[in-house]
Amino acid sequence: HGGASPKIYEKYIGHINRALKAKVKRVNFRDKSISWLQKDFKLTFEFDNRKPFSVRGRRNNYMNAFLMNYIFRMSCYRCQYAGNNRAGDITIGDCHGVNKVAKEFYDERGVSMAVASTPKGEKIWKEVQDEFRFTETTVAKAYVKNHIRPSVLTEERAEIMAKLDKTPINDLLEAYNARKQNEKA
């Protein structure tokens, strides 16, 4: 995983503003109102002057490029904090692969994990843990699906960045959306 390139994000929000003739005020990239599974989650845009607009996550060109690691910030491809090297006291995030770690916790709406990385983080966790339903596991098991290493820098990212100022953003990202290309074939 990683954080999206700010330039690509700004261009994509500009595209949505123009296409829907409204100004985006909020984006929920992982609307899990149905489920957190990739086949079900939605990308939802909220506006001041119109109803929200939602699209299935994988069908959306921006989200598909994000999930394929094509549009991250360069720093994500060499992240020094991937793995166990954490800067914060506690790391909180999605626990992908929870069904392999603790099947009894699996929930289609999503499951979070919290990792205490320092003595201060452990102290804070002990103070609040009674407020949560949890199980303990090892970092190796919890990080089985992600957080193991930095995201892989793809050739597609370089191609997208080279074309970014020459091609409308949605057209550019659609060219890298294999689902859409298969539909056209």
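Up top is the structure.
Residues numbered from 1 in each chain as written. Predicted model: local features only at pLDDT ≥ 70, side-chain atom pairs only at ≥ 80, totals over all residues. Heavy atoms only, no water.

A. Representation of the pairing of strand 3 (residues 53-56) in the model. Bridging between strand 2 (residues 42-47) and strand 3 involves 4 bridges; their strand directions are antiparallel. Bridging across to strand 3, Leu43 finds its partner in Val55. Here strand 2 folds back onto strand 3 in antiparallel fashion, the turn holding 5 residues. (Pairing = 2+ DSSP bridges. Helix = DSSP H or I, 4+ residues; strand = E, 2+ residues; numbered from the N terminus.)

B. The arrangement of the nonpolar core in detail. With 28 residues, the main nonpolar core has Phe45, Ile71, Ile160 and Leu173 as its most contacted residues. If you list the elements that add at least two residues to this core, you get helix 1 (6-20), strand 1 (24-31), strand 2, helix 2 (61-67) and helix 7 (169-174). Element by element, the count of residues in this core is highest for helix 2, at 5 residues. In this view, Ile160 contacts Ile8, Tyr70, Ile71, Leu172, Leu173 and Tyr176; residues no more than four positions away in its chain are not counted. (Core = buried A, V, L, I, M, F, W, Y, C linked by side-chain atoms within 4.5 Å. Buried < 20%, exposed > 50% of the residue type's maximum accessible area, 1.4 Å probe, protein only. Contact = heavy atoms within 4.5 Å.)

C. Main features of helix 1. Its 15 residues place the ends of helix 1 21 Å apart at the C-alpha level, agreeing with the 21 Å of an ideal helix rising 1.5 Å per residue. For helix 1, the complete set of buried residues consists of Ile8, Tyr12, Ile13, Gly14 and Ile16. (Expected span 1.5 Å × (residues − 1).)

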